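# Working through the structure, step by step
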Amino acid sequence: MNNVQTSTMAALRAAQLNGNFVIHDLLSGQTIEFRGAAGNNNHIDVMFRTQSAFRKMLRMLNLPVTRDHGNWRARPGVLEFTNNRGTFRFAVAYHTYNHSVRVAGQPFYNPVGFRVIRGKGAIPHERTAAGSWRSGEHICVWVGDSWVLRGSRTSAWEIEMRDAVRDAERRSITATANVPQHQNQKMWRVQVAASRDRAAIEREVNRLIAAGQYAYLNIYGGFYRAQVGVFANRADANKLAAQLKQRGLVSDIFVKQA
């Protein structure tokens, strides 16, 4: 998909995301319709635009259409919308478990038929007495800086959402952003560390992200690997490796073909 941008909350606000849009699901090839806006939060709360969009999502997940929610698994996607400023495409991650409160008080399609609300003593509350989420009215869409804006938390779900954004970027961002357009192209990555200790590699990835690098965790060959960048040619990867060394961000580093 051409002209896909690395997403940040500031970029979506600047593009004035507010209203109808679609997410192209990069795992299934399906396109789902949503509605929502980029506000001042660290991610975007959105709703399914129509009942048919909600049921299309259920079928995409091989779930019965009588079900009132999807699941929490993070999925890579491309968020696309058009307004009077142009057409925009952003790499994102999203889950499909509609939960919690109404989005911005707008009359969107409500897939569960009632509004759950926050606040002590609220009925029906967004969580059950056991503390689990009820089916509700929105899902969450994360962008490239959501994880950092949320405080770099380390729950398994938040790490999964963070990595799904990176996966969307690697799958979709064009060569103009140093990422090949086609998955069968040879790609070059700058590898900073490899270990069987996932926690150690997570710390390294987090350190590099905090330093402003496009870093992520890859798993293959029985090892967890901290890598930076995805390039269509080795020369660009070598250039990044030299810059990382010059800035003192890394010591043991090499360029790896994937």
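Above this text is the structure in question.
Residues numbered from 1 in each chain as written. Predicted model: local features only at pLDDT ≥ 70, side-chain atom pairs only at ≥ 80, totals over all residues. Heavy atoms only, no water.

Spanning 13 residues, helix H6 (residues 234–246) covers 18 Å between terminal C-alpha atoms, matching the ideal 18 Å at 1.5 Å per step. Among all positions in H6, only Ala-237, Leu-240, Ala-241 and Leu-244 are buried. Along the axis of H6, the buried positions cluster into a sector of 100 degrees, meaning they face one direction only. Turned more than 90 degrees off the buried face of H6, the exposed positions are Ala-235, Lys-239 and Gln-246. Phi turns positive one or two residues past the end of H6, at Gly-248, with a value near 75 degrees. (Helix = DSSP H or I, 4+ residues; strand = E, 2+ residues; numbered from the N terminus. Expected span 1.5 Å × (residues − 1). Buried < 20%, exposed > 50% of the residue type's maximum accessible area, 1.4 Å probe, protein only. Arc of directions from axis to C-beta.)

A separate point is the packing of aromatic side chains. Tallied over the entire structure, the rule returns 11 aromatic pairs. Arranged with centres 5.9 Å apart and planes meeting at 20 degrees, the rings of Phe-21 and Phe-34 form a pair that is stacked. In this pair, Phe-21 sits in strand E1 (residues 18–25) while Phe-34 sits in strand E2 (residues 31–37), placing the two residues 13 residues apart along the sequence. For the residue pair Phe-21 and Phe-34, the accessibility class agrees, reading buried in each case. In this structure an aromatic cluster arises from ring pairing among Phe-21, Phe-34, Phe-48, Phe-54 and Tyr-94. (Phe/Tyr/Trp six-rings, centres within 6.5 Å; stacked < 30°, edge-to-face > 60°.)

Moving on, we come to the pattern of salt bridges. For the coordinates displayed, the defined rule picks out 13 salt bridges. Its salt-bridge partner being Glu-33, residue Arg-49 comes within 3.5 Å of it at the nearest N-O pair. Of this pair, Arg-49 sits in the loop between strand E3 (44–48) and helix H2 (51–60) while Glu-33 sits in strand E2, and the two are 16 residues apart along the sequence. Exposure remark for Arg-49: the relative accessible area of 37% places this residue in the partly exposed category. For Glu-33, a relative accessible area of 31% gives the class partly exposed. Note that Arg-89 is salt-bridged to Glu-80, the shortest N-O span being 3.2 Å. Residues joined by salt bridges that share partners form a network here, namely Arg-162, Asp-163, Arg-198 and Glu-202. (Salt bridge = Lys/Arg side-chain N within 4 Å of Asp/Glu carboxyl O.)

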